[in-house]
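If you want the building blocks of each chain, they are given just below.
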Amino acid sequence: QVQLVESGGGLVQAGGSLRLSCAASGKIFRINAMGWYRQAPGKQRELVATINSGGSTNYADSVKGRFTISRDNANNTMYLQMNSLKPDDTSVYYCNADTVTFWGTVYNSWGQGTQVTVSS
């Protein structure tokens, strides 16, 4: 079983910063693409940022210039550095990963989510 666990969420004032972490565990041979998604009350889940195995990144227009996605392959961990936070960034943030096990099975996995609340 592959598990993804997010951490680092919390309450922050507008203009502040948070750093989210996503730790993957299990019989992992390789992690291909990874990404952060978020879902605010009354809205669909949306893509925030992705990073593939080659290090290429993509960002939603709403977070470009403010958020940075990165990954530490040695520790199977992904990060999202969030700067200049706005109240509109308030959401539950979810980690997603395409994971290959040692026996070749491919999984797309989700974490449980971590709450980010930005006060005005």
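Okay, so let's go over this structure. Quantities reported herein were computed from a predicted structural model and do not represent experimental measurements.

## Side note on the environment of V63
Here comes step 1: Within the secondary structure layout, V63 lies in the loop between β6 (57-59) and β7 (67-72).
Here comes step 2: Put simply, V63 and G113 are 50 residues apart on the chain and 19 Å apart in space, counted from C-alpha to C-alpha.
Here comes step 3: When near neighbours in sequence (up to four residues on either side) are disregarded, V63 contacts R38 and V48.

## Remarks on unusual backbone geometry
Here comes step 1: Of note in the backbone geometry, N76 takes a positive phi value of approximately 50 degrees without being a glycine.
Here comes step 2: Assignment of secondary structure puts N76 in the loop between β7 and β8 (77-82).
Here comes step 3: Of note, S84 is a non-glycine position whose phi angle comes to about 50 degrees, a positive value.
Here comes step 4: Relative to the helices and strands, S84 resides in the loop between β8 and β9 (91-101).
Here comes step 5: When its relative accessible area of 39% is taken as the criterion, S84 is described as partly exposed.

## Some words on the sheet that holds β7
Here comes step 1: One open sheet accounts for four strands, arranged β1-β3-β8-β7; its pairing is antiparallel. The strands lining the two open edges of the sheet, one partner per strand, are β1 (3-7) and β7. Pairwise comparison of adjacent strand axes, ignoring direction, gives a mean angle of 15 degrees for this sheet.
Here comes step 2: Sheet topology note: the β1/strand β3 (residues 18-25) ladder contains five bridges and is antiparallel. Across the sheet, the residue bridging to L4 is A24, located in β3.

## Notes on the environment of L20
Here comes step 1: Within the secondary structure, L20 sits in strand β3.
Here comes step 2: For L20, a relative accessible area of 0% gives the class buried.
Here comes step 3: For the pair formed by L20 and M82, sequence separation is 62 residues and the distance between their alpha carbons is 7.9 Å.

## Topic: the pattern of salt bridges
Here comes step 1: Considering all chains together, one arrives at four salt bridges under this definition.
Here comes step 2: Two residues, E46 and R38, come together in a salt bridge whose shortest N-O distance is 2.8 Å.
Here comes step 3: Overall, the relative accessible area of 28% leaves E46 in the partly exposed class.
Here comes step 4: A salt bridge links R38 to D89; the shortest N-O distance between them is 3.0 Å. You can see R38 sitting in strand β4 (residues 28-39) and its partner D89 sitting in the loop between β8 and β9, a full 51 residues away along the chain.
Here comes step 5: Overall, D89 belongs to the buried group, its relative accessible area being 2%.
Here comes step 6: A cluster of three or more residues bridged by salt bridges with shared partners is formed by R38, E46, R66 and D89.

Cut-offs used in this document
Residues numbered from 1 in each chain as written. Predicted model: local features only at pLDDT ≥ 70, side-chain atom pairs only at ≥ 80, totals over all residues. Heavy atoms only, no water. Helix = DSSP H or I, 4+ residues; strand = E, 2+ residues; numbered from the N terminus. Contact = heavy atoms within 4.5 Å. Buried < 20%, exposed > 50% of the residue type's maximum accessible area, 1.4 Å probe, protein only. Pairing = 2+ DSSP bridges. Axes fitted to C-alpha atoms, helices over the stretch in contact; angles between N-to-C directions. Salt bridge = Lys/Arg side-chain N within 4 Å of Asp/Glu carboxyl O.

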